[in-house]
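Inside the fold
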Amino acid sequence: MSETQRDSAAAPRRQKFLVVVDDTAESRVALRYATRRARNIHCGVVLLRVVEPVDFNQWAGVAEIMRQEAYEGAESLLRQLAEQVNLESGLLPEVSIREGKAKDEVLKLVEEDPGIRMLVLAAAPGNEPGPLVTALAGQMVGNLSFPITLVPGTLTDEQIDRIT
């Protein structure tokens, strides 16, 4: 093994925070928290957008158009959010678009990327924190191999800045 190979093999992987993003206000809260935290402790950020599968068995053409539109929307959202992360923190986040159920895709991505050290989620206001929060931070938390940071979705930017 060459010295360069040995150095890269011995070098620690960059730790990253994973944020699942969608069109909700609480996902923006999770993103701001993760971005601020990552900047302050010199970690990376991974943005994941999960596209739910479209099931139109009788109308395959319509289903493909809907799928394409969902991917285009996901790409646009991730581009905007990645730009925001970079402007606010100087970080260049990794981005990922996956198709499936959010819970399953989060678990797969964490398994595939050993650099992901934490999942950051924000709970929706009210009695229902959201399906992903309910599944991962509630039903499955004891079986996970990574920590979850759960942020109240009602935090303001100023509150987040104070706690990170």
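Analysis parameters
- Residues numbered from 1 in each chain as written.
- Predicted model: local features only at pLDDT ≥ 70, side-chain atom pairs only at ≥ 80, totals over all residues.
- Heavy atoms only, no water.
- Helix = DSSP H or I, 4+ residues; strand = E, 2+ residues; numbered from the N terminus.
- Buried < 20%, exposed > 50% of the residue type's maximum accessible area, 1.4 Å probe, protein only.
- Contact = heavy atoms within 4.5 Å.
- Areas by Shrake-Rupley, 256 points an atom, 1.4 Å probe, with all protein chains shown as cover.
- Core = buried A, V, L, I, M, F, W, Y, C linked by side-chain atoms within 4.5 Å.
- Expected span 1.5 Å × (residues − 1).
- Pairing = 2+ DSSP bridges.
- Right-handed = clockwise from strand over helix to strand, strands pointing away.

1. Section: the overall build of the chain
- Along the chain, the regular secondary structure elements total six helices and five strands.
- Walking the chain from its N terminus toward its C terminus, one meets helices and strands in the order α-β-α-β-α-β-α-β-α-β-α.
- Here the chain holds 164 residues, and the buried ones make up 41% of them.
- The contacts of the chain with a sequence gap of at least 6 include a subset with a gap of at least 24, amounting to 76%.
- Here the chain displays about 9700 Å² of accessible surface, and carbon together with sulfur accounts for 50% of that area.

2. So, the nonpolar core
- Membership of the largest hydrophobic core comes to 23 residues, with the highest contact counts inside it found for Val19, Val21, Leu31, Val45, Leu47, Val120 and Val151.
- The set of elements that each furnish at least two residues to this core consists of strand E1 (16-20), helix H2 (25-41), strand E2 (44-51), helix H3 (60-89) and strand E4 (116-123).
- Among the elements that take part in this core, H2 stands out by supplying six residues, more than any other.
- Non-local contacts of Leu47, meaning those with residues more than four positions away in its chain, are made with Val19, Val21, Leu31, Leu78, Leu81, Ala82, Pro93, Glu94, Val95 and Ser96.

3. Notes on H2
- In this model H2 runs 25 Å from its N-terminal to its C-terminal C-alpha over 17 residues, within 8% of the 24 Å that 1.5 Å per residue would give.
- Taken as a whole, H2 has its buried residues at Glu26, Ser27, Val29, Ala30, Leu31, Arg32, Tyr33, Ala34, Thr35, Arg36 and Ala38.
- Remark: His42 follows H2 within two positions and exhibits a positive phi of approximately 60°.

4. A short note on the pairing of E2
- Among the eight residues that make up E2, eight are buried, leaving the element largely enclosed by the rest of the structure.
- Neither face of E2 is exposed, since Gly44, Val46, Leu48 and Val50 on one face and Val45, Leu47, Arg49 and Val51 on the opposite face are all buried.
- Inspection of the sheet shows E1 paired to E2 by five bridges, in the parallel sense. Bridge assignment links Phe17 to a residue of E2, and that residue is Val45.
- Where the polypeptide runs from E1 across H2 and back to E2, its parallel neighbour, the crossover connection is right-handed.
- Pairing of E2 with strand E3 (residues 94-99), which is carried by six bridges, proceeds in the parallel orientation. Following the sheet pairing, Val46 is matched in E3 by Glu94.

Geometric values such as these leave the question of function open.
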